[in-house]
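Notes for the structure review
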Amino acid sequence: MIVTVDPTSPVPVFEQLRAQIARHVADGTLRPGDTLPPIRHLAADLGIARGTVARVYEQLARDGVVRTAGRHGTIVAGTQGSPPAAPAHVEVDIAADALASVIRAAGLDDSVAHAALAAALGRNRT
């Protein structure tokens, strides 16, 4: 699994990591049953706090993307009878979370996010 973080990005490291792992699951790079790297190893590889990686894994578990398997680590969850989220919808959710994180980190009002999204949609009409 290849993930990176950019400490200079306005998107918090937590959100960068969460979004990348969710994207890898959504696009099939990570498949049900695959094991994620241990928290300690991933944190060391990325040069970030173990607590950040642990929080990411916990959030992904709450979202149903992964499951914890005790001594066996953190494993990509199967669909268990429910259809997987459409990749396009997952991408939209990831982008929306990133935008919300940037808006909150900058201390801006929700109206700024709405205006920025409306402007971006206007620029990207097909």
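My aim in this report is to walk through the structure given alongside it, one point at a time. (Residues numbered from 1 in each chain as written. Predicted model: local features only at pLDDT ≥ 70, side-chain atom pairs only at ≥ 80, totals over all residues. Heavy atoms only, no water.)

Description of the layout of surface pockets
We apply this condition: Lining residues are defined by having an atom within 4 Å of a point belonging to a cavity or pocket. Those points lie on a 1 Å grid over the protein atoms alone, cavities being sets where a 1.4 Å probe fits but cannot get out and pockets being open sets with protein on both sides within 12 Å along at least five of seven lines. Grid points are joined across faces, edges and corners, and a volume is the space filled by probe spheres set on the points. Strands here mean DSSP runs of E at least two residues long; helices mean DSSP runs of H or I at least four residues long; both are numbered from the N terminus. Amino acids are sorted into nonpolar (Ala, Val, Leu, Ile, Met, Phe, Trp, Tyr, Cys and Pro), charged (Asp, Glu, Lys and Arg) and polar (every other residue, Gly among them).
In this structure, the second largest pocket spans a volume of roughly 310 Å³. For the second largest pocket, the full set of lining residues is Val-92, Ala-95, Ala-96, Leu-99, Ala-100, Asp-110, Ala-113, His-114, Ala-116, Leu-117 and Ala-120. Within the residue set of the lining of the second largest pocket, elements represented by two or more residues are helix H4 (87–106) and helix H5 (110–123). Considering every element that reaches the lining of the second largest pocket, the biggest residue donor is H5, with six residues. A class-by-class count of the residues in the lining of the second largest pocket yields nine nonpolar, one polar and one charged.

Things to note about helix H1 (residues 13–26)
Defined as follows: Expected helix span is taken as 1.5 Å per residue step, with the number of steps being one fewer than the number of residues. Relative accessibility decides the category of a residue: with a 1.4 Å probe and only protein chains considered, values under 20% of the type maximum give buried, values over 50% give exposed, and everything between is partly exposed.
The terminal C-alpha atoms of H1 lie 20 Å apart, and with 14 residues this matches the ideal 20 Å at 1.5 Å per residue to within 8%. For H1, a buried count of 10 out of 14 residues is recorded, marking the element as mostly surrounded by other parts of the structure. Listed as buried for H1 are Phe-14, Glu-15, Gln-16, Leu-17, Arg-18, Ala-19, Gln-20, Ile-21, Ala-22 and His-24.

Overview of the pattern of salt bridges
Just so we agree on the cut-off: Salt bridges are identified by distance alone: a Lys or Arg side-chain nitrogen within 4 Å of an Asp or Glu carboxyl oxygen.
Throughout the structure, instances matching the rule amount to two salt bridges. Of the charged contacts, one joins Glu-15 and Arg-18 as a salt bridge, the two residues approaching to 2.6 Å between their closest N and O atoms. On the criterion of helical spacing, the pair formed by Glu-15 and Arg-18 is a turn pair, its members being three residues apart in helix H1. By relative accessible area, which is 7% here, Glu-15 ends up buried. Across the pair Arg-104 and Asp-110 runs a salt bridge whose closest N-O atoms are separated by 2.7 Å.

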